[in-house]
There are 2 protein chains.
Amino acid sequence: MPTPHYGQPRYRAIAAELRDRIENGAIRPGTLLPAESALIAEFRASRGTIRQAIAVLREARFVVTEHGRGSIASLRPHEIGPEKDSEPDAKHRETVADPELATLFGIEAGTVVIERQNVIRRNGAVEKVVRIYRPLQAGT
Amino acid sequence: MPTPHYGQPRYRAIAAELRDRIENGAIRPGTLLPAESALIAEFRASRGTIRQAIAVLREARFVVTEHGRGSIASLRPHEIGPEKDSEPDAKHRETVADPELATLFGIEAGTVVIERQNVIRRNGAVEKVVRIYRPLQAGT
DNA sequence: AGAAATTTGTCCGTATGTATC
DNA sequence: AGATACATACGGACAAATTTC
């Protein structure tokens, strides 16, 4: 893969993408951003580039980075929604595609996919866990 | 000492070595791999390199890693289910529980669980993949 | 019950070599 | 030549989960 950075540099494009996710709630304030390693996999960027992107967000106060913990999306006054779910039976998240999913979706392993997980209980005990995977691609 | 990565990078060579040990039984399925610190000493590699090697194994489902515990050798991927030439839309197979599934089911990570996978297609393309996990005992 | 040790997770800073624009 | 980016690798420090004492 060459290194085309037509227009703005890559780290700025990644920073913009992450900022959008924070603003539109995909990454909720107070929660951790994906780890550097996860962002490397998702954007297929080198560590240096990812760190540059996060540096931009930190500079703009969109995130606060804690050594050994991660980068936390900043709380926005108008978006403070504690929503303390103790343990939801369903949740959304992003993970990376394992080789099989990658093959099925026709993407490369390591690409980020959306995972929805539902926990089905029966008499209190967990009977089964359903995980639904979808490609992330659409219009980003 | 510079950083010569002529040919195969170190982390891949280490991953290959560890995979061999799992395959030939030197590290038996269900047991823990040596700790990162031990691997660092053995291969004289940095922690980052060791962790990259283990990430390769995890990606290929050769191990399941648990925070604070270690990486558990899994059943070999090619022994887990029947080999397929083509991809059916639904299939049963056995996999190993990742830490989250283990917690939900109240079993230990690395334990074998039943996985049923359904592939939902739409106009030929794979729209989503549904995976349903159940413990071994129940449901039979 | 609690403290310490172990182990993995994450971030920080740096370095070398390669490739592209 | 310089700026950008990638892949690899090192070492250090702090955080968090688990195990051991």
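Everything numeric in this text was worked out from a predicted model, so none of it was measured.

Undergrad: How should the sheet that holds strand S5 (residues 125-135) of chain B be read in this particular structure?
TA: Sheets are built from strands paired through backbone hydrogen bonds, the pairs being either parallel or antiparallel. The strand order across the open sheet built from six strands is S3(A)-S4(A)-S5(A)-S5(B)-S4(B)-S3(B), with neighbouring strands paired in antiparallel fashion. For this open sheet the edge positions go to strand S3 (90-96) of chain A together with strand S3 (90-96) of chain B, each flanked by a neighbour on one side alone. Sheet twist, expressed as the average angle between the axes of neighbouring strands with direction ignored, equals 25 degrees. Pairing of strand S5 (residues 125-135) of chain A with S5 of chain B involves five bridges; the strand directions are antiparallel. What sits directly across from isoleucine 132 of chain A, in S5 of chain B, is valine 130 of chain B.

Undergrad: Any chance you could explain the interface of chain B and chain A here in plain terms?
TA: For an interface, size is often stated in terms of accessible area lost upon the parts coming together. Contacts between the two partners involve 22 residues from chain B, matched on the other side by 23 residues from chain A. There are seven salt bridges connecting chain B and chain A. The salt bridge involving glutamate 100 of chain B is made with arginine 131 of chain A; its shortest N-O contact spans 3.7 Å. Inspection of the region where chain B meets chain A yields 10 residue pairs in polar contact (both at pLDDT 80 or more). Elements represented by at least two residues in the side of chain B that touches chain A include exactly S3, helix H5 (99-105), strand S4 (112-122) and S5 of chain B. The residue makeup of the side of chain B that touches chain A, split by class, is 10 nonpolar, one polar and 11 charged.

Undergrad: Explanation requested: helix H3 (residues 47-59) of chain B in the structure shown.
TA: For an α-helix, the turn length of 3.6 residues means that residues three or four places apart are oriented alike. All names here are of chain B. Helix length check: H3 (13 residues) gives 18 Å between terminal C-alpha atoms against 18 Å at 1.5 Å per residue, within 8%. Burial in H3 covers these residues: Thr49, Ile50, Ala53, Ile54 and Leu57. All buried residues of H3 lie within an arc of 135 degrees about the axis, which places them on one face of the element. Contacts made by the buried residues of H3 are with helix H1 (10-23), helix H2 (36-43), strand S1 (63-66) and strand S2 (70-73).

Undergrad: Just to check I follow, could you spell out the confidence of the model for chain A for this structure?
TA: Interpretation of the predicted coordinates at a detailed level should be avoided for regions scoring low in pLDDT. Residues and elements named next belong to chain A. For chain A, the mean per-residue pLDDT works out to 76, and 81% of the residues sit at or above 70. For residues 1-6, every residue scores under 50 in pLDDT, and the model assigns this stretch one contact once sequence neighbours within four places are set aside. Counted against residues more than four places away or in other chains, residues 77-86, with its pLDDT under 50, gives five contacts.

Undergrad: Explain the protein's contact with DNA strand D here, please?
TA: Close contacts around DNA strand D come from 24 residues, with Arg10, Thr49 and Arg69 of chain A together with Arg10 and Thr49 of chain B the closest. Backbone atoms, meaning sugar and phosphate, form 82% of the atoms of DNA strand D found within 4 Å of the protein. Measuring from a phosphate oxygen of DNA strand D, one finds a side-chain N or O atom of serine 46 of chain B at 2.8 Å. Histidine 67 of chain B places a polar side-chain atom, nitrogen or oxygen, 3.2 Å from a base nitrogen of DNA strand D. Elements represented by at least two residues in the surface near DNA strand D include exactly helix H1 (10-23) of chain A together with H1 and H3 of chain B. The residue makeup of the surface near DNA strand D, split by class, is six nonpolar, 12 polar and six charged.

Undergrad: I keep staring at the side chain of glutamate 100 of chain A and nothing clicks. Help me out?
TA: Here glutamate 100 of chain A lies in helix H4 (residues 99-105). According to the relative accessible area criterion, glutamate 100 of chain A is buried, its value standing at 15%.

Undergrad: I would appreciate a short explanation of the environment of isoleucine 54 of chain B in the present structure.
TA: All names here are of chain B. Inspection of the secondary structure puts isoleucine 54 in helix H3. It is 9.5 Å that separates the C-alpha atoms of isoleucine 54 and valine 64, two residues lying 10 residues apart in sequence. If near-sequence neighbours (up to four positions away) are discounted, isoleucine 54 is found in contact with Glu36, Leu39, Val63, Thr65 and Ser71.

Undergrad: Explain unusual backbone geometry to me, please; I cannot follow it from the model alone.
TA: Among all residues except glycine, the phi angle is most often negative; among peptide bonds, the trans geometry is most common. Unusually for a residue other than glycine, arginine 44 of chain A sits at a positive phi of about 55 degrees. Counting through the fold element by element, arginine 44 of chain A comes out in the loop between helix H2 (36-43) and helix H3 (47-59).

Undergrad: I keep staring at the protein's contact with DNA strand C and nothing clicks. Help me out?
TA: The full set close to DNA strand C counts 24 residues, and Arg47, Arg51 and Gly68 of chain A together with Glu36 and Arg47 of chain B are the nearest of them. Restricting the count to atoms of DNA strand C within 4 Å of the protein gives a sugar and phosphate share of 61%. Measuring from a phosphate oxygen of DNA strand C, one finds a backbone N or O atom of glutamate 36 of chain A at 2.8 Å. Within the contact set of DNA strand C, a base nitrogen lies 2.8 Å away from a backbone nitrogen or oxygen of glycine 68 of chain A. Counting only elements with at least two residues in the surface near DNA strand C, the list comes to H3 and strand S1 (63-66) of chain A together with H2, H3 and S1 of chain B. Here the surface near DNA strand C gets three residues from one element, more than from any other, and that element is H3 of chain A. Partitioned by chemical class, the residues of the surface near DNA strand C number three nonpolar, 10 polar and 11 charged.

So, how was this worked out
- Per chain, residues are indexed from 1 in the order of the written sequence.
- All chains are assigned letters beginning at A, and all ligands numbers beginning at 1, according to the order in which they are written.
- pLDDT decides what is reported in this predicted model: residues at 70 or higher carry local features, side-chain atom pairs at 80 or more are listed and counted, and totals for whole chains, interfaces and linings draw on all residues regardless.
- To get the side-chain values, take all heavy atoms of the structure and skip hydrogens and water.
- Paired strands are those between which DSSP finds at least two bridges.
- Strands here mean DSSP runs of E at least two residues long; helices mean DSSP runs of H or I at least four residues long; both are numbered from the N terminus.
- An axis is simply a line fitted to the C-alpha atoms; with a helix, the fit covers only the stretch in contact. Between two such axes, the angle follows the N-to-C directions and lies from 0 to 180 degrees.
- Here a residue-residue contact requires only that any non-hydrogen atoms of the pair lie within 4.5 Å.
- What makes a salt bridge here is a side-chain nitrogen of Lys or Arg within 4 Å of a carboxyl oxygen of Asp or Glu, nothing more.
- Under this definition, polar contacts are N or O atom pairs within 3.5 Å; protein pairs additionally need one hydrogen-donor-capable and one acceptor-capable atom, and for neighbouring residues in sequence, both atoms have to be side-chain atoms.
- In this count, Pro and Cys sit with the nonpolar residues alongside Ala, Val, Leu, Ile, Met, Phe, Trp and Tyr, while Asp, Glu, Lys and Arg are called charged and the others, Gly among them, polar.
- Expected span of a helix: the number of residues minus one, times 1.5 Å.
- Burial classes: relative accessible area under 20% of the type maximum marks a residue as buried, over 50% as exposed, and values in between as partly exposed (1.4 Å probe, protein chains only).
- It is the directions from the helix axis to the C-beta atoms that the arc portrays.
- As a per-residue measure, pLDDT tells how confident the predictor is, with possible values from 0 to 100.
- Consider each residue's heavy atoms; a residue with any of them within 4 Å of a molecule or strand counts as near.

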